Amino acid sequence: MIKFEFEKDKAVNAVLYILKNIGVTDYHKIFKILYFSEQKHIKKYGRPITGDNYIAMPYGPVPSYIYDIFKVISDGYHPFINPKDYDRFFKVANKRIEALIEPVLDELSESDIEALNISIEENKGIGFKDLTLKSHDAAWESAKNRGEMYYNEIAKAGGADEKMISYMKYLHENTLNLK
């Protein structure tokens, strides 16, 4: 099981970048574009963009911390997240997200932006049902009963080979050892 550390600033700016390119949209579209971006990035570079913890939900993978950010802005309460930390970035109403500021592109690497652009282009025109079906890949399927999705499974579902999975494991283990 490979996990990475969540990078809050990258995650916020990745979502802002998606919104800049597709406009106001719903949670589902953001979550799926981000998921496929992460999958493409780890397949090619061995690391995710945000490091968020993906959960296998009925309508596909959901980045849990980003989902919590949207919920706290919408509902005003979360035991560990202050809405004032995020309400300057997004407006959330009726599960639709609007960017309030431009993304800070310095927070995203060239490879992050490349993966985001590919996923935006491939998925922006896909409807809810088809996007859900597309995201019900092998990683989602293997995590259905436990909920949590692991990056090694996400990478495999995206077509990463064993060499890249080994590299991800190396990155994961050495990141943990540095703390």
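These figures come from a predicted structure and were not determined experimentally. (Residues numbered from 1 in each chain as written. Predicted model: local features only at pLDDT ≥ 70, side-chain atom pairs only at ≥ 80, totals over all residues. Heavy atoms only, no water.)

K.L.:
Which parts of the structure should I look at to understand the pairing of strand S2 (residues 54-57)?
P.N.:
Regular strands show a simple pattern: their side chains alternate between the two faces of the sheet. The side-chain alternation of S2 yields one buried face, formed by Tyr54 and Ala56, and one unburied face, formed by Ile55 and Met57. Here four bridges tie S2 to strand S3 (residues 60-63), and the two strands are oriented antiparallel to one another. Opposite Met57, over in S3, you have Gly60 as the bridge partner. Between S2 and S3, which pair antiparallel and follow one another directly, the connecting turn spans two residues. (Buried < 20%, exposed > 50% of the residue type's maximum accessible area, 1.4 Å probe, protein only. Helix = DSSP H or I, 4+ residues; strand = E, 2+ residues; numbered from the N terminus. Pairing = 2+ DSSP bridges.)

K.L.:
Explain the packing of aromatic side chains here, please?
P.N.:
Given two aromatic rings, one states the distance between the centres and the angle between the planes to describe the pair. Enumeration over the complete set of coordinates arrives at 14 aromatic pairs. Ring geometry for Tyr35 versus Tyr54: centroids 5.5 Å apart, planes at 65°, classification edge-to-face. Of this pair, Tyr35 sits in helix H2 (residues 27-45) while Tyr54 sits in strand S2; the two residues are 19 residues apart in sequence, bridging distant segments of the chain. Side by side, Tyr35 and Tyr54 carry an identical accessibility label, which is buried. Look at Phe89 and Phe90: their rings are 6.2 Å apart centre to centre, the planes differ by 55°, and that puts the pair in the tilted class. Judged on exposure class, the residue Phe89 and its partner Phe90 are both buried. An aromatic cluster is built from Tyr27, Phe31, Tyr67, Phe70, Tyr86, Phe89 and Phe90, whose rings are joined through pairwise contacts. Its guanidinium or amino end placed over the ring of Phe36, Lys134 lies 4.7 Å from that ring's centre, counting from NZ or CZ. (Phe/Tyr/Trp six-rings, centres within 6.5 Å; stacked < 30°, edge-to-face > 60°. Lys NZ or Arg CZ within 6 Å of the ring centre and 35° of its normal.)

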